[in-house]
Amino acid sequence: MTDYRAPVEDMRFVLEHLADLPGLSRLPDFEHADLETVVALIEESARFFEEVIAPTNRPGDESGARLEGDGVVSAPGFVDAYARYVDAGWGTIPFDVEYGGGGFPWLTALAVQEMLTSANMGFSLCPLLTQGAVDLLSAHASDEQRATYLPKLITGEWSGTMNLTEPQAGSDVGAVAAKAVPAADGSYRITGQKIYITYGEHDMAENIVHLVLARTPDAPPGTKGISCFIVPKFLPDADGAPGERNQVSVVSIEHKVGIHASPTCVLAFEDATGFLIGDEHAGMRFMFTMMNNARLSVGLQGLALSERALQHAVEYARERVQGRAVGSDRPKGVGSPIVEHADVRRMLMTVRANVEAMRCVMYRNAAAIDRAHHGVTDDDRAAGEAEAALLTPISKGWGTDLGVEMTSEALQVFGGMGYVEETGIAQHWRDSRIGPIYEGTNGIQAADLVGRKLPMEGGQVVKAELTRMRETIDELAAVADLSDLAPGLAAAIDRLGEASDWLLGRLNVAPNDAMAGSSAYLRLFGLVEGGHDLARSALLAHRLRSGDGGGYDDDFLADKIAVARFYVQRLLPESAGLVELATAGAESTFAVPESRL
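Residues numbered from 1 in each chain as written. Predicted model: local features only at pLDDT ≥ 70, side-chain atom pairs only at ≥ 80, totals over all residues. Heavy atoms only, no water.

Trainee: Which residues make up the layout of surface pockets, and what values do they have?
Mentor: If you add up the space inside the second largest pocket, you get close to 580 Å³. Glu307, Leu310, Val314, Arg318 and Arg352 are the residues nearest the centre of the second largest pocket, which is lined by 19 residues in total. Breaking the lining of the second largest pocket down by element, the ones donating at least two residues are α1 (8-18), α9 (283-319) and α10 (342-374). When grouped by side-chain class, the residues that make up the lining of the second largest pocket number nine nonpolar, one polar and nine charged. (1 Å grid on protein atoms, 1.4 Å probe; cavity = no way out; pocket = protein on both sides within 12 Å on 5 of 7 lines; lining within 4 Å. Points joined across faces, edges and corners; volume = space filled by probe spheres on them. Helix = DSSP H or I, 4+ residues; strand = E, 2+ residues; numbered from the N terminus. Nonpolar A, V, L, I, M, F, W, Y, C, P; charged D, E, K, R; others polar.)

Next up, the structure:
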């Protein structure tokens, strides 16, 4: 099975030229995060993930997390790797230096996170949930709570979880029924059951900090009555060390399609000691702090698994001999590696082009988050916030849908052997399938894009994005070697504009028309954003080839142009069908009565 090799050169290109890391490093908070420093950090982390984390991926999938008879969940060979991860400090990169973080841009952390996820997605989910806990506590906890929990969570010595879902409360978080009763000492007693808790119990960290949604007595119904609590597995003692065991226990772990190595737990809270974060009834707002960055990270899983599957499929296609390719100059009777067959090449190029497009969009999304939090002026921060708000549902929805499709396409390259577990390619496909489901289903992402993000500022945020894209068309048309890309990109942008206007017009007068087209619209938006970013990549590569190369090999730059051309010619035409789907209305969707579905 293919060893993972981090695509450091591709990552550097996007960081430097598409996500504008050099611009971020000029902000006062990020002056230490210049391109040279960040690339060195990425190169070092790449070696770590390739050598330490990637080898645990297949064994972890095969053995899976195990619930022992004493209520302990055993990670599948991850304890040593996790200890080395913590010692190396890879989880500290983007967090506040006051609590032991590195103070780097979120963009840097996302690039590192891509490599970790490609190396072993099941493993990566533990740091991912901890990262979310750090985000929430940093934004909303008291000074005392931050001092107690953040240093250990940032290093990874303690891990974190998100406890929203209950058997009757999935996407409808307002149905949460867990109870929180005030105690005499100012803490609360938490009682209830939570399901689908990623790394809710494990043996890798010395403590687990559960962030739990629950209702206080006489709380109003729905999301307005939800509060958020810190419920540690071990209650910190006077010195901040893990002390008495709290009344939290694992009932079971789920047997899942994929991410076998990640324990997905059912947790029981039985008068567990919890500590209120902020004010009562503000819990849902706090959780969105945790969820918004997590949605980008989940979208990144689609990219990371597609990259890993692509590497696996390319190696197999170069080695597997089958048939004789059309036009082959090999002697008669001598077969061709399947990479020489046109349709196999089509599949591989489809995966590669989508991988490169996703990387551009998601890294730009992370850079927008950085500008939203660290921009110098109010206008800079507002622009970053608007861009991040628009791109986040696209990154999550489009990225995870593509993750399923591209890992499936890579599996197809293997033919029958792709469906046999011994090749290992099926794991990437299985692992990817959770992405469109958790952190808000992709239907919810589409509804968010159409219902909340499209109407921002009366539709002006989307219009500004379309205007930005159209500027690239003129640049392409002015370059003889790239002018053939302009018509296809222009047509796709126009289709996105047409769908945007139609959906915005239907939102208030016929909202189901807009919602029925929302998933197609999200796909269309991601498709066009990705095509635009690859067109920008082609322009940049052309300029660099005309100069000193900017430190990139000429073949690398030539490939950037070739991938952009493939995307525009072979993938962007899908936009014609998507605009029709997005603007078809809801009549046919509701034509069959519910009773006859």
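After presenting the structure, the write-up continues.
Trainee: Give me the lowdown on the state of the cysteines, citing residues and values where you can.
Mentor: For the structure shown, the criterion picks out zero disulfides. We note that cysteine 228 lacks a disulfide partner, and the nearest cysteine sulfur, in cysteine 126, lies 18 Å from it. Judged by relative accessible area, cysteine 228 falls into the buried class, the value being 0%. Cysteine cysteine 265 remains unbridged, with the sulfur of cysteine 126 as its closest cysteine sulfur at 11 Å. Judged by relative accessible area, which is 0%, cysteine 265 ranks as buried. (Disulfide = S-S within 2.5 Å. Buried < 20%, exposed > 50% of the residue type's maximum accessible area, 1.4 Å probe, protein only.)

Trainee: Go over the pattern of salt bridges, please, and point to the residues and values.
Mentor: Tallied over the entire structure, the rule returns 40 salt bridges. Between glutamate 387 and arginine 371 there is a salt bridge, with the nearest N and O atoms lying 2.4 Å from each other. Pair noted here: glutamate 387 is in helix α11 (residues 378-413) and arginine 371 is in helix α10, with a separation of 16 residues, a long-range link. When its relative accessible area of 27% is taken as the criterion, arginine 371 is described as partly exposed. The residue arginine 468 makes a salt bridge to glutamate 465 at a minimum N-O spacing of 2.9 Å. Highlighted residues: arginine 468 and glutamate 465, both in helix α14 (residues 460-477), separated by three residues, approximately one helical turn. Take glutamate 465: its relative accessible area is 8%, and that puts it in the buried class. Several salt bridges share partner residues, and in doing so they unite Arg364, Arg371, Glu387, Glu465, Arg468, Glu529 and Asp533 into one network. (Salt bridge = Lys/Arg side-chain N within 4 Å of Asp/Glu carboxyl O.)

Trainee: Can you tell me about the packing of aromatic side chains, naming the residues and giving the values?
Mentor: Counted under the stated rule, the structure contains 15 aromatic pairs. Geometrically, the ring pair formed by phenylalanine 78 and phenylalanine 123 is edge-to-face, given 5.4 Å between the ring centres and 70° between the ring planes. On the criterion of sequence distance, the pair formed by phenylalanine 78 in the loop between β2 (73-74) and α5 (79-88) and phenylalanine 123 in helix α7 (residues 121-140) is long-range, its members being 45 residues apart. With a relative accessible area of 0%, phenylalanine 78 lands in the buried category. Look at tyrosine 82 and tyrosine 85: their rings are 6.0 Å apart centre to centre, the planes differ by 25°, and that puts the pair in the stacked class. Residue tyrosine 82 and its partner tyrosine 85 are both found in helix α5; the two are separated by three residues, about one turn of the helix. The class of tyrosine 82 is buried, set by a relative accessible area of 3%. Members of the aromatic cluster, connected to one another through ring pairs, are Phe78, Tyr82, Tyr85 and Phe123. Residue placement shows arginine 12 over the ring face of tyrosine 552; its charged tip is 4.1 Å from the ring centre. (Phe/Tyr/Trp six-rings, centres within 6.5 Å; stacked < 30°, edge-to-face > 60°. Lys NZ or Arg CZ within 6 Å of the ring centre and 35° of its normal.)

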